[in-house]
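# Reading the structure
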Amino acid sequence: MFGSAILEVAAGVIFIYILVCVICSAVREGIEGWLKTRAAYLEHGIRELLHDPEAKGIVTDFFNHPLIFGLFSNKYTPLAAGKGVSIFARGRNLPSYIPAENFAVTVMDLAARGPQTDALNSDPNGPALSLDSMRANISNLNNPAVQRVLLSALDAAQGDIVKVRKSLEAWYDSGMDRVSGKYKRSTQWIILGIALIVAVGMNVNTITIADYLFRNDAARAAVVATAENAAATDAAKSAENYKQVQAQLNSMNLPIGWGQGWGAPKPKQSGEPWNSDLWNNLVAPITGWLLTAFAATMGAPFWFDMLNKVMVIRSTVKPHEKSPEEASEDRQTILPAAKQPVQSVAGVQQTRSAPAAPRLPSLASSPRDSESSTDGCDADIINPTSDQDLPAAQGGVA
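This one's a predicted model, so the numbers in the text were calculated from it and none came from an experiment.

### Points about the overall build of the protein chain
Looking only at helices and strands, one finds 14 helices and 2 strands in the protein chain. Scored against the burial criterion, the 398 residues of the protein chain give a buried share of 36%. Contacts in the protein chain between residues far apart in sequence, at least 24 positions, make up 74% of those at least 6 positions apart. Just so you have it, the protein chain exposes about 24400 Å², and 57% of that area is on carbon and sulfur atoms.

### Brief notes about the nonpolar core
Here is a general trend for soluble globular proteins: nonpolar side chains tend to be buried in one another's company. In terms of nonpolar packing, the biggest core is built from 43 residues, with Leu 50, Phe 63, Leu 150 and Val 164 touching the most fellow members. Looking at this core element by element, the count peaks at 8 residues for helix H5 (residues 100–113). Once residues within four sequence positions are removed from consideration, Leu 50 is found in contact with Ile 58, Val 59, Phe 62, Phe 103, Asn 143, Val 146 and Trp 171.

### Description of the pattern of salt bridges
The tally for this structure, following the rule as stated, stands at 12 salt bridges. Among the salt bridges present, the one from Arg 215 reaches Asp 211, with a minimum N-O distance of 3.0 Å. Residue Arg 215 and its partner Asp 211 are both found in helix H9 (residues 206–215); the two are separated by 4 residues, about one turn of the helix. Within the structure, one salt-bridge network assembled from shared partners comprises Arg 28, Glu 29, Glu 32 and Arg 38.

### Let's talk about the state of the cysteines
Counting across every chain of the model gives 0 disulfides. Cys 21 takes part in no disulfide bond, and the closest cysteine sulfur to it belongs to Cys 24, at a distance of 6.5 Å. Cys 21 sits in the buried class, given a relative accessible area of 1%. By relative accessible area, Cys 24 is classed as buried at 0%.

Criteria and thresholds
- Residues numbered from 1 in each chain as written.
- Predicted model: local features only at pLDDT ≥ 70, side-chain atom pairs only at ≥ 80, totals over all residues.
- Heavy atoms only, no water.
- Helix = DSSP H or I, 4+ residues; strand = E, 2+ residues; numbered from the N terminus.
- Buried < 20%, exposed > 50% of the residue type's maximum accessible area, 1.4 Å probe, protein only.
- Contact = heavy atoms within 4.5 Å.
- Areas by Shrake-Rupley, 256 points an atom, 1.4 Å probe, with all protein chains shown as cover.
- Core = buried A, V, L, I, M, F, W, Y, C linked by side-chain atoms within 4.5 Å.
- Salt bridge = Lys/Arg side-chain N within 4 Å of Asp/Glu carboxyl O.
- Disulfide = S-S within 2.5 Å.

If you want it as structure tokens, here you go:
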């Protein structure tokens, strides 16, 4: 169904997608390093998890706890409260990641010792963190919803403080899974916008590139060779910067950029009535840019896996094109029917007709033992008795 040329075009286009994904990811990480949007999403998720959307109670105590406060600089300043977090929210100095164990131990310590960090709560001779101390002082949390979560964990632990911590960690992880989903969706929108800018700005048109590779064997071979090297060395997953990727794109001499004009249209050829100015100057550029942009949202790892699969399929298709399969050389000789003399048991030579059905050649050279003529193994059966003429059987089970 697919020839090697089609597979090579697919490999070349996928390799271009990988390079575009690398560019978009680098730009996205630069924006993230400047805005720290991950921290904003994390802070908003903890507000929802601890049932303190305004960050005026347990959330403030949580971020001011020494186990959490050491994960970021300066003091905790709540972000603007709202129904959600914008895709370009600024996280300022807040932490972008909080380990689940830190979260669980912080909640347990707030319940047992309270939010204040002073000489009394830091006294080594004070009561140890235990199930009894958490249950007795759980009102320190000053949050009925979180108190009920902690009481449920205490009841289910059956006297094992490690189980309490694991239960709180699982509660935190489930909440952060939801936050991660929101952040990934916002990242997809940002990458889509970046990819559209890259596709239009650099004129990376999927349709034009695929058409060019299909018509130009030398360019297709060069791109496929580069793609094979990338698949072998895993270069697409390395930390390439924007200039390196741009230089690699320029070295391929592909119809990328604005050197050939709007949309990089291919010259109209005879027999192609559909290749009109409307297609070259409007439909093809817009469609090609959108294909490139949507492909970039899938990410470089996805397209890298696709490249490996295409290369595997191509390696199995190309040998068949070079040397087609041959028919089997296993043949058998059918002997014609003939009348052959046979030796009866009594020594009288008789003649019988060979069966009409074809027979395989006899093994004349097969060895026989000295008793072959005695035990009757080589005797032919003449006038066999049919089943109807046999006498009735006697005995057996009644």
